[in-house]
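Given next are the chains, with one letter for each unit.
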Amino acid sequence: MLLILFSWGLILTFAIVVGVSVNRLLKLQEVNPVLVIFHGFFTLTLLAGCWAIFAAIDWKFFIFLLIVLAYFMFINHSLIINYLALFKQEFQKTSNFVKIILAVILVLILAQSASAPSLLDNESYYIQTIAWLNEFGLVNGLINLHLFLGQNSGWHILQSAFNFNFIYDRFNDLNGLCLLLANYYALIKLNHYFKFKNNPLDLAIGLFPIFNVFLFQFVSSPSPDLAVYIISLFLFYGFLMNYHACSKNGLISLVMLTSFLILIKVTTIVFVLFPMVIYIKHYNHVKQYSFLVWLVALATLSLIVTKNILITGNAIYPMIGIESLKASWSLPANIETYFYKYAKAYGYAVTPEVYSNNTYLDLIKTWMFQTGMDGVFNKIMVLVLCLFIIFIKKFKNNKAILFIYGIALLQLVVLFITSPQFRFYMPFVFMLSLLLISKIITTESLAKRFLVLSVLAVLVPLIFNIPNLKTSAFSTSYLIEPHGNSRFAKDYQTINLGNTHINIPKNIGFFWGTGNTPLPAFNAQQLEYFKTYFKVIPQQRTEDLKDGFYSKSLKNGN
């Protein structure tokens, strides 16, 4: 826990200095202190992503960041001091209750961050994605080694810049810091609401910590989903606050947050409609900032396209690429098509064959009555949308909220066409739920009770193992040093596969599992499946792993 706290201090130093400096460069003033940090995160992600095109995100990149940090601190020292004073002043104005709740949440998040990671995706591709970035940067055709490595989220790029792997191998804890900042942001809004009661939206956003019991499952792994949930919260608030009267700060911040979301997860593409509506609605007032809008958007798009071309050979990944435009290291067309259909079917919890032979109505019925936790959240999604219809009269005079509801419906339609996994829809569930709950929890005493209950609810999975909640219990052995980045011990064998030495984990039994196995890692089940059904094996393009991989066809079944 203590080592993680120290690493957060270091990360915050970089994010604050870069965020303040970028805001000065863009001439943004009086930006929310937490948003300054996320502006810094976004800028650092762009820097790390550009670096990764040419080299590994290792100690050399850290030295580069230290030089950038020193330069920015020198030229912006007064602005940074003012920012820290503002942050301190903002915190001091909060009530004793908020201070205590924040302190408790800080300890709980540290405890969860230090505990063993529990998400399956962490063992299939989070760790490996970050490891490849740390050791080689963006690698040509990496998708041929493991399909999920094709995603290479911007959040993992940022995490690779701040896991300090060259000095310690147990830091992958950016998510904990992200959730702590979100809780701080929300509780400051709640404190402001009960002090002045002049903005009901502050109450809605301020109740965000009641979802901590769900969000904590994403803390001990570098899951991009948590970053999406939190950044979308900031984006919704910014949209609602700038809908009727837009400022330069509001527009540029919305563009940066939206760009960051899409860089983290392309399934958030629908969020581009929020800054677009603000830009069009207030065009006469904000047209003078068009250059900045396009600068941020094009910088993000350029990194996404470059990243896609290098890793997948397909500029428009995850969509099926145009054959004539693909690079030589792209996936074979039959594998790309199969797993594109597989992803669509997976959202409905059916096989590709069942998906192809059923109507959308039948598939939606299957999705709605799905069992397990996925089925529970599917029903919650529908319930929230229906409840909002019932209470829509309470929001009929707020066109911005109705617009969010309309985009929520649009996103659901898009997911039904692509892959309706509940985690892709949770940002809208959170926002619409908060708006509804804020009509019920209207008094300070009731809000405090719910916040205390939310803290107690978080304690249960921290103390006891509850598999369905995908959390892991805390141990006192983690007070200083955290658990390793994988829940599996490093146990593997090395085999020769053509011109490539592959490391096969011996103790990870699920199809895509690789854990913290040294690079290049491949699961035995996946290897046999691809050899049997697709007649391919991954091969190095040259003797240097940095030059990447391609899928070699096996002739005569050998």
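Up top is the structure these notes are about.
Note that the structure is predicted; figures quoted are calculated from it, not measured.

(A) Just the overall build of the chain, in detail. A count of helices and strands for the chain gives 23 helices and four strands. For 558 residues, the compact-globule formula gives about 24 Å, and the C-alpha radius of gyration of the chain, at 23 Å, lands near that figure. For the chain, the residues scored as buried account for 56% of the 558 residues in total. With 38 positive and 22 negative side-chain charges, the chain shows a separation of 12 Å between the mean positions of the two kinds.

(B) How the structure looks around the side chain of serine 221. By secondary structure assignment, the location of serine 221 is in the loop between α10 (212-215) and α11 (224-242). Classification of serine 221 as buried rests on a relative accessible area of 0%. Each residue touching serine 221, except ones within four places of it in the same chain, is listed here: Pro117, Ser118, Leu119, Asn122, Tyr126, Asn172 and Asn175.

(C) Molecular detail of the pattern of salt bridges. Tallying each qualifying case throughout the model produces seven salt bridges. In this structure, arginine 423 and aspartate 225 form a salt bridge, with 3.0 Å as the shortest nitrogen-oxygen distance. Pair noted here: arginine 423 is in the loop between α20 (399-417) and α21 (426-437) and aspartate 225 is in helix α11, with a separation of 198 residues, a long-range link. The class for aspartate 225 is buried, based on a relative accessible area of 3%.

(D) Fine view of helix α1 (residues 2-25). Spanning 24 residues, α1 covers 35 Å between terminal C-alpha atoms, matching the ideal 34 Å at 1.5 Å per step. Taken from the residues just after α1, lysine 27 is the one with a positive phi, measuring 60 degrees.

(E) The side chain of asparagine 175, seen in detail. Mapped onto the fold, asparagine 175 is located in helix α8 (residues 174-196). With a relative accessible area of 0%, asparagine 175 lands in the buried category. In this structure the side chain of asparagine 175 is engaged in a polar contact, spanning 3.0 Å, whose partner is the backbone oxygen of serine 223. Among all residues touching asparagine 175, those that are not within four sequence positions of it are Trp155, Phe218, Val219, Ser221, Pro222, Ser223 and Leu226.

(F) Representation of unusual backbone geometry in the model. A cis amide bond links tyrosine 317 with the next residue in sequence, proline 318, at an omega value of 15 degrees. Relative to the elements of secondary structure, proline 318 occurs in the loop between α15 (290-312) and α16 (333-346). A positive phi is found at lysine 27, a non-glycine position, where the angle reads about 60 degrees. Note that lysine 27 resides in the loop between α1 and α2 (33-54). Its identity is not glycine, yet lysine 197 carries a phi of approximately 50 degrees, on the positive side. Within the secondary structure, lysine 197 is located in the loop between α8 and α9 (200-206). Exposure remark for lysine 197: the relative accessible area of 55% places this residue in the exposed category.

Criteria and cut-off values
Residues numbered from 1 in each chain as written. Predicted model: local features only at pLDDT ≥ 70, side-chain atom pairs only at ≥ 80, totals over all residues. Heavy atoms only, no water. Helix = DSSP H or I, 4+ residues; strand = E, 2+ residues; numbered from the N terminus. Rg over C-alpha atoms; globule rule 2.2 N^0.38 Å. Buried < 20%, exposed > 50% of the residue type's maximum accessible area, 1.4 Å probe, protein only. Lys, Arg positive; Asp, Glu negative; His and termini not counted. Charge placed at Lys NZ, Arg CZ, Asp CG, Glu CD. Contact = heavy atoms within 4.5 Å. Salt bridge = Lys/Arg side-chain N within 4 Å of Asp/Glu carboxyl O. Expected span 1.5 Å × (residues − 1). Polar contact = N/O pair within 3.5 Å; in protein donor to acceptor, adjacent residues only side chain to side chain.

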